[in-house]
Amino acid sequence: MSFALLFSGQGNQHPAMLPWIADDPIVRDMRARLGVKDWRAALADPGWAERNDNAQTLLTGLELAAWNQLAPFVAPPAAIAGYSVGELAAFSAAGVLAPDSTIELAQRRAQAMDECAASAPGGLLAVTSLSISAVERLRAATGLALAIRNGEDSVILGGPMAALVQAERMVLLEGAQCTRLRVNVASHTPWMREAADSFARTLENASFHAPRVALFSNAADRIRDARSARVALAAQIATTVRWDECMENVMARHIRCVLEIGPGQALARMWNQRYPTVPARACDDFRSAPAVAAWLNSHADR
């Protein structure tokens, strides 16, 4: 078998996500940490769902639980990568971190980012159909940073709210498209430097292991040992997520299909647009864990 796992980031969480997931020990641990009995009901409140600490803890716990429930029915993946906070679940799925430690680290990561954002409020703006040169002119005019690079004409900019409002107006005048993301911090930009430094100190006390499968990072290409894993997880908070390179690295593993674990289908859509001959599906496409496993097994065995 030869398949890859991609773990989603925050922003697309919704009450009906992962309709097949069971309330296993990982989910119960996540619920206890969040102080909620019904996480789907909690997600129905947009204010609760968009809070950084809630979103990062919830997504990490649910993504870990989803893979834990799928893993017994499929072979080990050939490659793993995570998008933004999805890296925590990705690193755990690759054997770098224990699940309970990973959920705790998600809480600590969000806390560090929220504390940093308190003195430097900001957000993220997705921009599509704008040329590289136009993006650079936009950044020069607004002072925004390149937070995420999904492709040549698909980027996410981050920075202060006033600059994001200015950028929205400029993008629309250019005839391009933009969307304000459901996050309240300028993730993956220099405004999060203090958060990255704080999280690095937290990670010094966490138990890390070398990955058991090919693992790729937003900030450091392939992760081969515990030390590089620790450095990469802290660094990506304040540096550009190079998702286009992550996808290239995953594709180089000669995989036959891709599964997105998390809310929505954004990563699967990006993959299918870039690599139409290697199919990608999202967990949200399926109604049961056996259906997810059946799709993976049928495509990865070809």
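Everything quoted here is computed from the prediction, not taken from an experiment. (Residues numbered from 1 in each chain as written. Predicted model: local features only at pLDDT ≥ 70, side-chain atom pairs only at ≥ 80, totals over all residues. Heavy atoms only, no water.)

A. Spotlight on the packing of aromatic side chains. With the rule as written, the count across this model stands at three aromatic pairs. Aromatic side chains Y83 and W243 sit 5.1 Å apart centroid to centroid with 80° between the ring planes, which places their arrangement in the edge-to-face category. Of this pair, Y83 sits in the loop between β2 (79-82) and α5 (86-93) while W243 sits in helix α11 (residues 243-251), and the two are 160 residues apart along the sequence. Relative to Y275, the ring of W271 has its centre 4.4 Å away and its plane inclined at 50°; by these criteria the two rings are tilted. (Phe/Tyr/Trp six-rings, centres within 6.5 Å; stacked < 30°, edge-to-face > 60°. Helix = DSSP H or I, 4+ residues; strand = E, 2+ residues; numbered from the N terminus.)

B. Structural view of the nonpolar core. Among the nonpolar cores identified, the biggest contains 71 residues, and W39 and L58 are the most heavily contacted of them. The element that contributes the greatest number of residues to this core is helix α4 (residues 52-70), accounting for eight residues. One finds A147, M247, I255 and M270 within the second-largest nonpolar core, a separate group that totals 29 residues. (Core = buried A, V, L, I, M, F, W, Y, C linked by side-chain atoms within 4.5 Å. Buried < 20%, exposed > 50% of the residue type's maximum accessible area, 1.4 Å probe, protein only.)

C. Here's a closer look at the pairing of strand β5 (residues 154-159). Along β5, six of the six residues are buried, which leaves the element largely enclosed by surrounding structure. Here β5 shows no split at all, with S154, I156 and G158 on one side and V155, L157 and G159 on the other all buried. Inspection of the sheet shows strand β3 (residues 123-128) paired to β5 by six bridges, in the antiparallel sense. Each residue of the ladder has a partner; that of A126, found in β5, is I156. Bridge count for strand β4 (residues 145-151) against β5 is five bridges, and the pairing is antiparallel. Each bridged residue has a counterpart across the sheet, and for I148 the counterpart in β5 is I156. With antiparallel pairing between neighbouring strands as the criterion, β4 and β5 make up a hairpin whose turn holds two residues. (Pairing = 2+ DSSP bridges.)

D. Quick look at the sheet that holds strand β9 (residues 257-261). Pairing within the open sheet is mixed, and its six strands lie in the order β8-β7-β2-β1-β9-β10. In this open sheet, the two edge strands, each paired with only one partner strand, are β8 (221-223) and β10 (280-282). Strand after strand, the sheet turns through a mean of 25° between neighbouring axes, direction not considered. In the sheet, strand β7 (residues 214-217) pairs with β8 via three bridges, with the strands oriented antiparallel. Bridging across to β8, F216 finds its partner in R222. Sheet strands in contact with α11 are β1 (3-7), β2, β7 and β8, and its direction is about 170° off that of β2. (Axes fitted to C-alpha atoms, helices over the stretch in contact; angles between N-to-C directions. Contact = heavy atoms within 4.5 Å.)

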